[in-house]
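# Structural overview
One-letter residues, chain by chain:
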Protein chains: 6
Amino acid sequence: MSAFLLCPDAFLSPLEIEAAVTRALAEDLGRAGDITSIATIPEDVSARAALVARKAGVIAGLPLAAATFQKLAPEIEITAHAIDGTSVATKTELMAIEGPARAVLAAERTALNFLGHLSGVSTATHEFVRRVAGTQTRICCTRKTTPGLRALEKYAVRCGGGFNHRFGLDDAMLIKDNHIAVAGGIRAALERARAAAGHLVKIEIEVDTLDQLREVLDVGLADAVLLDNMDVVTMRKAVEMAAGKFPLEASGGITLDTIAEIAKTGVDYASSGWITHSAPQLDVALDIEM
Amino acid sequence: MSAFLLCPDAFLSPLEIEAAVTRALAEDLGRAGDITSIATIPEDVSARAALVARKAGVIAGLPLAAATFQKLAPEIEITAHAIDGTSVATKTELMAIEGPARAVLAAERTALNFLGHLSGVSTATHEFVRRVAGTQTRICCTRKTTPGLRALEKYAVRCGGGFNHRFGLDDAMLIKDNHIAVAGGIRAALERARAAAGHLVKIEIEVDTLDQLREVLDVGLADAVLLDNMDVVTMRKAVEMAAGKFPLEASGGITLDTIAEIAKTGVDYASSGWITHSAPQLDVALDIEM
Amino acid sequence: MSAFLLCPDAFLSPLEIEAAVTRALAEDLGRAGDITSIATIPEDVSARAALVARKAGVIAGLPLAAATFQKLAPEIEITAHAIDGTSVATKTELMAIEGPARAVLAAERTALNFLGHLSGVSTATHEFVRRVAGTQTRICCTRKTTPGLRALEKYAVRCGGGFNHRFGLDDAMLIKDNHIAVAGGIRAALERARAAAGHLVKIEIEVDTLDQLREVLDVGLADAVLLDNMDVVTMRKAVEMAAGKFPLEASGGITLDTIAEIAKTGVDYASSGWITHSAPQLDVALDIEM
Amino acid sequence: MSAFLLCPDAFLSPLEIEAAVTRALAEDLGRAGDITSIATIPEDVSARAALVARKAGVIAGLPLAAATFQKLAPEIEITAHAIDGTSVATKTELMAIEGPARAVLAAERTALNFLGHLSGVSTATHEFVRRVAGTQTRICCTRKTTPGLRALEKYAVRCGGGFNHRFGLDDAMLIKDNHIAVAGGIRAALERARAAAGHLVKIEIEVDTLDQLREVLDVGLADAVLLDNMDVVTMRKAVEMAAGKFPLEASGGITLDTIAEIAKTGVDYASSGWITHSAPQLDVALDIEM
Amino acid sequence: MSAFLLCPDAFLSPLEIEAAVTRALAEDLGRAGDITSIATIPEDVSARAALVARKAGVIAGLPLAAATFQKLAPEIEITAHAIDGTSVATKTELMAIEGPARAVLAAERTALNFLGHLSGVSTATHEFVRRVAGTQTRICCTRKTTPGLRALEKYAVRCGGGFNHRFGLDDAMLIKDNHIAVAGGIRAALERARAAAGHLVKIEIEVDTLDQLREVLDVGLADAVLLDNMDVVTMRKAVEMAAGKFPLEASGGITLDTIAEIAKTGVDYASSGWITHSAPQLDVALDIEM
Amino acid sequence: MSAFLLCPDAFLSPLEIEAAVTRALAEDLGRAGDITSIATIPEDVSARAALVARKAGVIAGLPLAAATFQKLAPEIEITAHAIDGTSVATKTELMAIEGPARAVLAAERTALNFLGHLSGVSTATHEFVRRVAGTQTRICCTRKTTPGLRALEKYAVRCGGGFNHRFGLDDAMLIKDNHIAVAGGIRAALERARAAAGHLVKIEIEVDTLDQLREVLDVGLADAVLLDNMDVVTMRKAVEMAAGKFPLEASGGITLDTIAEIAKTGVDYASSGWITHSAPQLDVALDIEM
C-alpha cells in the first residue's frame, strides 16, 4: 500500500515516513524492546486489531501508522478502511491490522501517537475551515510547528482542508518589521527583495497599518500582504484599499471565536499558528482481539 | 554554557540537543536559507535580542534555544537570565542573544518553537502539580508523547515538577488487559513477568476492578498498580485495600478539573497523557533590536 | 523470516539489526566491494552454503547473519535450522544460504563476525549459568560491553540464559561509593534517590561491608544491594542479614572458578563483566558449495 | 588536543572518533541519562579523576576516551600522561580529567569501555610481537573483527606493534579456494585477478599445499601468498621454495604458544584473528576524587 | 570564521557544510587515512600552504574548503584572502592554511575538489552573465544538478551572478506538457494548479508555441512562462505578446554561443542546465611549504 | 532486480545506492514533494515511460535510476533493456518504467541526474580507452572526483573500460614531492613507506625527472612510478629505463588530443582527472506516455 495512494491531495514523502517512523519507534523500543509482551505473550500468538477513532474528526497519518506496524514486522497485514483527509464519525474503524501479537503490541503506541497528533492538527484545521465556509477566505498555517514535524504537520493541515504557508525560510520571502527597519523603509525593503528574488519566489510583506498598506500599494512589488494583528474594521478597509491587487492574509491571534468575523472582511487568507503548535490530539485507539 | 548547567534537576542529553536542533533547523532553513534576511539585511548588521515569556509559565527548553542560535553562528553570544524549571511571570526576559542579525533572524523561529512547545508541557505539568499540593500524590506522564520528542517532553515534565513514567517499552513492565488475557489471568501474567524480569526492572499491573486489585495483592509480585479509569469512590477503596503495599497510580481521562479530587483519594501517582500530547504552547517571543 | 521469530525469549530490534548490519557491511565492503570475487567469479554462478558451528556452544546472532546476506542481495534464500538461544554440538548446521555466489562470498565474513561474537557472549554466559544450576543464583551482565554493541550483547546474554542488568545509566539507579560520599552517607544518598525516582525506577546500592549493609537495611529505601568485591564468608553473612528483604547481587572479579562457591552463599544475582567484554568468540564457519 | 597528536604512528580518523563516541554514549545515556548522579550529586560539584591502567599492557584508545568526556561537557579538562602505543606498567596514570562531577561520572563507563577494549587488542598484539622479536616475521591482523569496530581495532593492532592486513574486501585481492575452484584453477584465477586489478592493488593467493605454491611460483602474478593451516615443517619448505620472490603469510589457528616456532620458519607475516575477535580487555579504571 | 561571513549574497547552510565535508572527507580518508603521510612525515612537522587559483574565474566554495581543513584538525589556522563570488585572476592566492603537515596533506584533495567543482559552476555561470550584460535578461539554473550537491551548486550559481530557479519539486509549480495533457489542456491545468497552490507558491507553465502562449495569456493564472526550445524569432514574438504581463524564461539547449542573441529578444530569464551538470572544474591548487 | 546483476564487471554497493538515492531524492522532493503533479494529475493515472539515450555513449547508473523510481513507489515496474557498461547508439531505449504517474514524474529528474552524470563519466573514460586501443596503456582515474560521489564515479570509470587508481588516501601509498622533501630524499621516503606498509599495500612514487626515476630504480622498493607532467620524449626514455621493472603511470594534463601519443611511449597507465571532475553529462531523457 503505497503512501501515494493513502494521501491523495497532498504529499507525504516516503523518505519522511521512513525517517519519522524509525525515529519514533526507536524512542519507544529503546534498547530492550517490549519486555512486557515478550514475558507474557508466547511468540506464536496472533492478533487482530482495529484502529478506531474515539472521537469525530478529520484523519491524518494513516500511512505513518501502517508503516509503523510493518517496520516492526513486515508480515503484519494492513487493510485500510479510510484515507487521510476524511471526516469520520465517532467509533469509525480506520484500519485493520493482523499479525504477530508481540509486534502489534510493540508498535501500538507509536502508531497511535502519529495518528492522534496529526489527526489533531487536521481536525483543528477543519474546524477553522468549517467556520469560513461560504466565504472566499482560505485557512493557512504558519512556521509555528512542532520541532522536527514540519513536513508532517503541514501535510495534516492540507488533510484538514487548509492551505500551506511557507514550509521554511527559503521557499518564499516574508518581509517583517525588522527587515523594513534595517532596509530603510517599505520601498527599500521591497526593492532589495525583488532584486534578489528569482522569478519563482513570491514576496509577502507584513503591515501593521493602512498607511503601510498604502505604501505597499504604491511601490507595487509585493505578491501578497500580511495584515498583522489588525482589528476587523481596519481589515475591512484594507480589503477595500487592496481591491484585489494581491492576496491579503489576516494574521495574529486568530481563534475559532473570531475567524468567522474575520472571514467576512473579505481577506483571502487567515493564518493560524494554533492549528499546528497547540491543537489537542484526536483520540484514536487500537482495539485488539487475540 | 554547558547543558549540564541549564537543566539542574533533570537530564537533557547533549547528543539529543545536537540531533534535535540540527533536525529542526534543517526543516526551517531548507535548501536556500533565510532568503528574506539575506536580501534585505546587510551582512555586517548586528542584532541584540531577548527571549521573553509573553505569558506566565514554567520554562523548559533554554539549552535547546541557546544551541539553535549557536549552531547557526558560533559567534552568537548568549546570556541566560533564567534556567529551565523556573516559574516566570509575564514579560520575563529569559535569555539575551547578540550576534550577526542574519543568523539571529534565521534561528529565531526554530528556537521559539522549541521553547514554546516544551514550556507548554512544563507549564501544563505544573498546573497539575499545583492542584495536588499538600497531598502525597505525584503527577506523572505517559508514553503518549509527540513522535520524535519523547526525551525532550519527558524532560519538560520534570521541569514542571512532574515525575517520569516509563520512557519506553523497555525500562519497566506494564502488564495490561491483553497481557493478562493471553497469559491466562493475573497470577500467570505476574509470574511470567517476574520470571523474565531482572532485579532492576519494576513491574506495574493495570487493574479495572477491586477484585482484580485483590488478586494482585494475593499474588504479591507487583511493584506498582495502575488503577484504570476508576471513579474516585472505588479509587479510595483501592487505596485502603492496598494499604501502602505498593504505589497506586490513577490513570485515564484525568483533567485539571478532576485532579484535586483524585489526589484526595490518597493515590501515589496520577498520570496524564494530556500534558505531553495536547498541552498548548507557552507564548514566548524574541524582541529584537538592531 | 521476521526477527520476532528467530529470537523467541528476548528482543532484538529490527531497527538495531538494520543499523548494525549496514554499519558492519559498510566497513567490510568499503568503496569497491569484493574485488576478488568480481574478478574471479562470473556473475551468474550460484552458491549453496551452510553456517556451521565448529565448536559446541549457545547460538546468538542468527537474525543478524540472515539480514547480512539479504541486505547484500534480497534474492538470497535463507533456511534456519536453529534459533538463537539453542545449545548446539560441534558441527551443527545452523542455517542454509543459497543465492548469487558473489553476494554470498561478499557477506560471509560480516555474517560470521556477528555470529561468532554474539555466540561467544551467549556461550560464556551459559558456562556461568551451568555452574549455578540447582541454586537460586541468577547470572547477570554489566555495562562493561563493547562500544556500540550494548543492545546486541545484552541480547546474547539473554540467549545464554543470563539476566540483564541495567541497559544504561537511565533505566535504574545504582548508587556507588562516589554518590554516597558526595551525598553525605548512605541514608542521604538513598533519600535523595528515592525522592527523585519515579515509581517505575529501581534503586540498587553498592556496599563494601556488612556495616554498610546494616545501614541500608535500617534506611529501607533500596530495591536491591550490590555486594562489591566481598569474600564468600562475608557474602554468606550478608545473605543472612538481608533475609530476603531485597535481592543481593555479588559483583567484582567473579570467574568460572569462583562462581559455584559464590552461588552457594545464597546471593540472588552474580554479575560478570567478562561475559560481555572478554568472552572469546565461538568458532562458526561458512561451508560453501558452488 | 588533536587526535593527530595522540596516535603518532597510525591513523585514527576524527570522523570515526566522533561517530563511535556518539554511538557509544547514546547507548549508555539512553533517554534519561545518569539518573543516579543527577539525584545524588549537586550540579556544582567538581571532580578530579585519573584514568589508570590496573594491569600492565599496551595502551590504545586515549583519543576516544578524551573525546567521550568532552562530548558530554566541553569544559572538562584533559591532561594526557601517555599516548597510544605505549607499554605501561601496572598502576600507570594515563590521563587526568577535571570537570563537573555529573559529567565525569556519566562518561566514565563509556570511556573505559573504549580504552579497555582497544588496549586489550593492542596488548594481545604486542604479546605476539614480543614472541617474534629477533625474527623477520611481522604480526598482522585479519578481517575477523568485532562488527562496527573494524577501523578502531585495526588501529589498535598498529598501536600494539602489528601490521594491518586488508581493511576490507576492497583494498587488496585475496584469492581463496572457492575463487580458485570456480575460476578453474590457480593460473586462471590469478590471470583473471591480474586482468581486473589496477596497478595499486595487491593480489595474495591462499595455498594449502606445496604443489599449489609451486604452481603460484610458476604463474608468477601474485604479490603475496597465504599459507593456510600448514604445519611448521611444510611452512619451512614453503619459505625455501618461495626464496623471497614474494612475502609469505602464515595463517590459521596461530596462538601465543605456536607463534615463536612459526616465526622461526622464516615466514614474513603471521596473521591472527584472535587478537581482534577474542582478546580479553585490559583492566583500566577511573579513580575519582570529588 | 563563520560561513555567514564568507558568502555574503547567498546562503550556504552551516548544516549543509558540515554534512558535505564529513561525507567527502570520509570517502577520501577511508578506514586507514593518509597512510603515505603518516609513514613519511613526522607528526610534529608543520605546513604552511596557500589555496591558489591556477586559472582566472569566479570563486565559490571557500567556506567548504576552510571547514574541510578544520574538520580534520581544529588547530589548523585559516586566513581568507578572498570571499565567494569574487572574480579572480590567474595565480590569485585565495586562502592561507597553517597547521600540522599530516592534517593539511590529508585534507588537501577534498578541499580542492569542493573548490574546483563549485568554482567551475560559478565561473560557467558568470560566463553566461557576462554575455547578457546590458540586457534585462537574467541567467538562471535548473534542477539538472549533480546528485547530492543541489544546494551547493545552486549557491555557486548565485556566486557567479546567476539566479536560482526552483530548488526542488516543492517550492514552485512548473506545469509541463505531460501535466497539460493529463489535466485536459492549458486552462484546466492552470485552474487546478491555482486551486491547489497557496498564496506563496508561484506557477510557471511551459509552452512550445505562440498559440499556447496566447492561451496562457487568456487564462491569466500563471506567474511566469517557460518558452521551451523556441527559436529567437518566435521568442521575440513571445516577448511582444506577453508585453510584460509575466516574466518569460527561455529554456532548452542554450549555449555560450547563443545566449547573447537570446538575451536580445527581451526574455527575462534564460536557464541553463549546463552550468550545473557539465561545467568543467576551475583549476585550483594547494601550494605547500613545509 | 539486484544491483549485482546490473553491474557485472564492477561493484556498486547496495548500501551506497540506497544512501545516494535517498539523499538525491530528498533534495528534489524537499518538504512538499511534486506539488505540480499532485495538483494537476489524478492519483489513479498510470504512466509508461522509457529512459532513452539521446546521444551515443557508454551507460552507467541504471541500478541507481531503477532504485530511484522504486524508492518513491515500490510498485513501479522496471524492465531493463541494457546494462551498465554497454555502448549505445543515439535513441537507444535503456529501461522501461511503469507505475503511478505521480511517482514516475516525481522521480524522473533525480533518476536522469544520476544516469546523465555517471554515463558522462563512463563515456568520457571510453573516449580515452578508444584512443589507446592497440597499445598496452590502460586508462585510469584519480582522486579528483566530485565530492560525495567518489564510489559512484570510480564505478562509472570501470563501466567505461578504465581502471581505478586509489579510492582514497588509505588503500595504497602515493609518495609525492612534499613527502620526499620532508623525508629527506627518495631513498628515505621509500624506506619509511616500506617499513610502515603491510604486505598488501602498494607503493607508488611520483617523479618529475629521469634522475629521480634512476634513483627509484636504484632503491628498488616501489611498486609503481608516476611520471608527473613529463613530455613524451622524456616519457619514452622513462619507459626504456624502467624496462618493465614496475608499471609506469603518465599523469598531468592528459587530454583526448594527447593521449594517443602518450600511449605510444609504452607507459602502462595514463591517468586523467578530467574524466571524473569535468566530463560533460550524457544526454538521457525520459519519454513518458500517460
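This text follows the structure it describes.
All of the points below concern the structure found in this document. The shown structure was predicted, so the numbers you read here are calculated from the model rather than taken from an experiment. Position numbers for residues count from 1 along each chain, tracking the sequence in the order it is written. Whichever chain is written first is A, and whichever ligand is written first is 1; the rest continue in order. For a predicted model such as this one, the threshold for reporting local features is a pLDDT of at least 70, and the threshold for listing and counting side-chain atom pairs is 80 or more; totals across whole chains, interfaces and linings nevertheless cover every residue. Calculation of side-chain values draws on the structure's entire complement of heavy atoms; hydrogens and water are dropped beforehand.

## A look at the overall build of chain A
- Secondary structure follows DSSP: runs of H or I at least 4 residues long count as helices, runs of E at least 2 residues long count as strands, and numbering of each begins at the N terminus. Looking only at helices and strands, chain A features twelve helices and twelve strands.
- Along the first, second and third principal axes, the C-alpha atoms of chain A reach 75 × 35 × 30 Å.
- Each residue's exposure class comes from its accessible area (1.4 Å probe, protein chains only) as a fraction of the maximum for that residue type: buried when under 20%, exposed when over 50%, partly exposed otherwise. Among the 290 residues that make up chain A, the fraction classed as buried is 65%.
- Two residues qualify as a contact provided that any one of their heavy atoms is within 4.5 Å of a heavy atom in the partner residue. A separation of at least 24 residues holds for 71% of the contacts in chain A among residues at least 6 apart in sequence.
- With the model as given, the accessible surface of chain A reaches about 9500 Å², and the carbon-plus-sulfur share is 48%. Note on areas: Shrake-Rupley with a 1.4 Å probe; residue coverage comes only from the protein chains shown.

## Looking at the relation of the copies chain D and chain C
- With an axial shift of 0.0 Å and an RMSD of 0.0 Å, the rotation relating chain D to chain C amounts to 180°. These values place the two chain copies in the arrangement generated by a two-fold rotation axis.
- Here 100% of the contact residues of chain D are again contact residues in chain C; the copies associate through an equivalent surface. Least-squares fitting of one copy onto the other uses the C-alpha atoms of those residues that reach a pLDDT of at least 70 in both copies.

## Here we look at the relation of the copies chain A and chain C
- Overlay of chain A on chain C (RMSD 0.0 Å): rotation 120°, translation along the axis 0.0 Å. Each copy turns onto its partner about a three-fold axis.

## Digging into the nonpolar core
All names here are of chain F.
- Residues grouped as a nonpolar core are buried Ala, Val, Leu, Ile, Met, Phe, Trp, Tyr and Cys residues, joined through side-chain atoms within 4.5 Å. Ranked by internal contacts, the top residues of the largest apolar core, which has 104 residues, are Leu51, Leu94 and Ile97.
- When residues in this core are grouped by element, the largest group, 14 residues, is from helix 5 (residues 101-131).
- The contact partners of Leu51, leaving out residues within four places of it in the chain, are Ala65, Thr92, Glu93, Leu94, Met95, Ile97, Leu112, Leu115, Val284, Ala285 and Leu286.

## Considering the pattern of salt bridges
- By definition here, a salt bridge exists when the distance from a side-chain nitrogen of Lys or Arg to a carboxyl oxygen of Asp or Glu is within 4 Å. Applying the stated rule across the entire model yields 55 salt bridges over all chains.
- Across the pair C:Glu127 and C:Arg131 runs a salt bridge, and its minimum N-O distance is 2.9 Å. Of the two residues, C:Glu127 and C:Arg131 both sit in helix 5 (residues 101-131), four residues apart, roughly one turn of that helix.
- D:Asp28 is the salt-bridge partner of C:Arg143, the closest N and O atoms lying 2.7 Å from each other. Taken together, the positions of C:Arg143 in the loop between strand 6 (138-140) and helix 6 (150-159) and D:Asp28 in helix 2 (residues 14-29) put the pair across two chains.
- Relative accessible area serves as the criterion here: at 11%, C:Arg143 is assigned to the buried category.

## Quick notes on the interface of chain A and chain C
- Facing the 15 residues of chain A at the interface are 15 residues of chain C.
- Counting each side, the surface lost to burial between chain A and chain C is near 1400 Å², with a carbon and sulfur contribution of 66%.
- Interface area lost by chain A to chain C is led by A:Arg31, A:Ile38 and A:Glu43, which between them contribute 44%.
- Where chain A meets chain C, there are one salt bridge.
- Where A:Arg31 meets C:Asp170, a salt bridge forms, and the shortest distance between an N and an O atom there is 2.6 Å.
- For the side of chain A that touches chain C, the element with the highest residue contribution is helix 2 (residues 14-29) of chain A, accounting for four residues. Buried area: the accessible area, evaluated with a 1.4 Å probe, that two parts lose upon being put together, summed over both parts.

## With respect to the sheet that holds strand 10 (residues 248-251) of chain D
Residues and elements named next belong to chain D.
- Read from one edge to the other, the open sheet built from six strands follows the order 6-11-10-9-8-7, with strand pairing classed as parallel. Of all the strands in the sheet, just strand 6 (138-140) and strand 7 (173-175) have a single pairing partner and so form its edges. Sheet twist, expressed as the average angle between the axes of neighbouring strands with direction ignored, equals 25°.
- A strand pair is defined by DSSP finding two or more bridges across the two strands. As paired elements, strand 8 (residues 203-207) and strand 9 (residues 224-228) share four bridges and run parallel to each other. From the neighbouring strand, Glu206 faces strand 9, where its bridge partner is Leu226.
- Axis lines are fitted to C-alpha atoms, over the contacting stretch for helices. Their N-to-C directions set the angle, which ranges from 0 to 180 degrees. Across the sheet, helix 10 (residues 232-242) touches strand 9 and strand 10, and the angle it forms with strand 10 is around 165°.

## Looking at the sheet that holds strand 1 (residues 46-53) of chain F
Residue and element names in this part refer to chain F.
- Reading across the sheet, the four strands line up as 3-5-1-12 and stay open at both edges, with antiparallel pairing between neighbours. Strands with a single pairing partner mark the edges of an open sheet, and in this sheet they are strand 3 (77-80) and strand 12 (284-289). In this sheet, adjacent strand axes meet at a mean angle of 20° when their direction is disregarded.
- As paired elements, strand 1 and strand 12 share six bridges and run antiparallel to each other. Following the sheet pairing, Leu51 is matched in strand 12 by Leu286.
- Of the strands in this sheet, strand 1, strand 5 (93-100) and strand 12 are in contact with helix 5, which crosses strand 12 at around 165°.

## As for the packing of helix 5 (residues 101-131) of chain E against helix 6 (residues 150-159) of chain E
All names here are of chain E.
- Axis separation between helix 5 and helix 6 bottoms out at 7 Å; the angle between their running directions is 50°. Between helix 5 and helix 6, the crossing angle belongs to the class labelled oblique. In this structure, helix 5 meets helix 6 at a crossing whose hand is right-handed. Between helix 5 and helix 6, the contacting residues are Phe114, His117, Leu118, Val121, Ser122 and Thr125 on the first element and Leu152, Glu153, Ala156, Val157 and Cys159 on the second.
- The nonpolar class holds Ala, Val, Leu, Ile, Met, Phe, Trp, Tyr, Cys and Pro. Asp, Glu, Lys and Arg form the charged class, and all remaining residues, Gly among them, are polar. Taken together, the residues of the contact of helix 5 with helix 6 break down into seven nonpolar, three polar and one charged. Comment on the angle field: the value is read as roughly parallel under 35 degrees, roughly antiparallel over 145, roughly perpendicular from 65 to 115, and oblique elsewhere. Crossing handedness: left-handed means the near helix sits turned counterclockwise from the far one by under a right angle, and right-handed means the same turn made clockwise.

## A few points about the interface of chain D and chain C
- With 56 residues of chain D at the interface, the matching set in chain C holds 56 residues.
- Taken together, both faces of the contact between chain D and chain C bury some 4800 Å²; the carbon and sulfur share is 59%.
- Residue assignment for the side of chain D that touches chain C shows that the elements contributing at least two residues are helix 2, helix 3 (35-40), helix 5 (101-131), strand 7, helix 7 (177-183) and helix 8 (186-196) of chain D.
- Element by element, the count of residues in the side of chain D that touches chain C is highest for helix 5 of chain D, at six residues.
- Here the residues of the side of chain D that touches chain C sort into 28 nonpolar, 16 polar and twelve charged.

## Side note on the pairing of strand 10 (residues 248-251) of chain C
Residues and elements named next belong to chain C.
- Residues Leu248 and Ala250 point to one face of strand 10 and Glu249 and Ser251 to the other, with burial holding for every one of them.
- Examined bridge by bridge, strand 9 (residues 224-228) and strand 10 share four bridges and lie parallel to one another. Along strand 10, the bridge assignment pairs Val225 with Leu248.
- For the crossover from strand 9 across helix 10 (residues 232-242) to strand 10, the handedness is right-handed.
- For a crossover, the right-handed case is the one in which the path from the first strand over the helix to the second runs clockwise, viewed with the strands pointing away from the viewer. On the question of chirality, the crossover connecting strand 10 to the parallel strand 11 (residues 269-271) by way of helix 11 (residues 259-264) is right-handed.

## Structural notes on the pairing of strand 9 of chain D
- Across the five residues that make up strand 9 of chain D, a large majority, five, are buried.
- Alternating residues of strand 9 of chain D divide into D:Ala224, D:Leu226 and D:Asp228 and D:Val225 and D:Leu227, and every residue in both groups is buried.

## Examining helix 8 (residues 186-196) of chain C
- Taken residue by residue, helix 8 of chain C has C:Ile186, C:Ala189, C:Leu190 and C:Ala193 as its buried positions. When helix 8 of chain C is viewed along its axis, its buried side chains cluster within an angular range of 95° and face the same direction.
- The inward-facing, buried residues of helix 8 of chain C abut strand 7 (173-175), helix 7 (177-183), strand 8 (203-207) and helix 9 (210-219) of chain C together with helix 3 of chain D. The arc in question is formed by the directions pointing from the helix axis toward the C-beta atoms.

## Looking at the environment of F:Ala26
Residues and elements named next belong to chain F.
- Looking at the secondary structure, you find Ala26 in helix 2 (residues 14-29).
- Look at Ala26 and you get partly exposed, because its relative accessible area is 37%.
- Residues Ala26 and Thr110 lie 84 residues apart in sequence; the distance between their C-alpha atoms is 9.6 Å.

## Topic: helix 9 of chain C
All names here are of chain C.
- Every buried residue of helix 9 is accounted for by Leu210, Gln212, Leu213, Val216, Leu217 and Val219.
- Where helix 9 is buried, its residues meet helix 8, strand 8, strand 9 and helix 10.
- Gly220 sits one or two positions beyond helix 9 and adopts a positive phi of about 75°.

## Side note on the packing of aromatic side chains
Residues and elements named next belong to chain D.
- Aromatic pairs are defined between Phe, Tyr and Trp rings, using the six-membered ring for Trp, whenever the two ring centres lie within 6.5 Å; interplanar angles under 30 degrees are classed as stacked, those over 60 as edge-to-face, and all others as tilted. Per the stated rule, a full pass over the model turns up twelve aromatic pairs over all chains.
- Both rings, one in Phe163 and one in Tyr269, keep their centres 6.3 Å apart while their planes meet at 85°; by these two values the pair is edge-to-face. Of this pair, Phe163 sits in the loop between helix 6 (150-159) and strand 7 while Tyr269 sits in strand 11 (residues 269-271), and the two are 106 residues apart along the sequence. Assigned by exposure class, Phe163 and Tyr269 land together as buried.
- In this scheme, the term charge over a ring applies when either NZ of a lysine or CZ of an arginine sits within 6 Å of the ring centre and within 35 degrees of the ring normal. Positioned above the aromatic ring of Phe167 is the side chain of Lys154, whose terminal nitrogen or guanidinium carbon lies 5.4 Å from the ring centre.
- Here the guanidinium or amino end of Arg158 rests over the ring plane of Phe163, the centre of that ring lying 5.5 Å away.

## Observations concerning the packing of helix 9 (residues 210-219) of chain F against helix 10 (residues 232-242) of chain F
All names here are of chain F.
- One can describe the packing of helix 9 onto helix 10 by two numbers: an axis separation of 10 Å at closest approach and a directional angle of 15°. Taken together, the axes of helix 9 and helix 10 are roughly parallel relative to one another. Of the two elements, helix 9 crosses helix 10, and the hand of that crossing is right-handed. Of the residues in helix 10, those in contact with Leu210, Leu213, Arg214 and Leu217 of helix 9 are Thr234, Lys237, Ala238, Met241 and Ala242.
- Here the residues of the contact of helix 9 with helix 10 are counted per class, giving six nonpolar, one polar and two charged.

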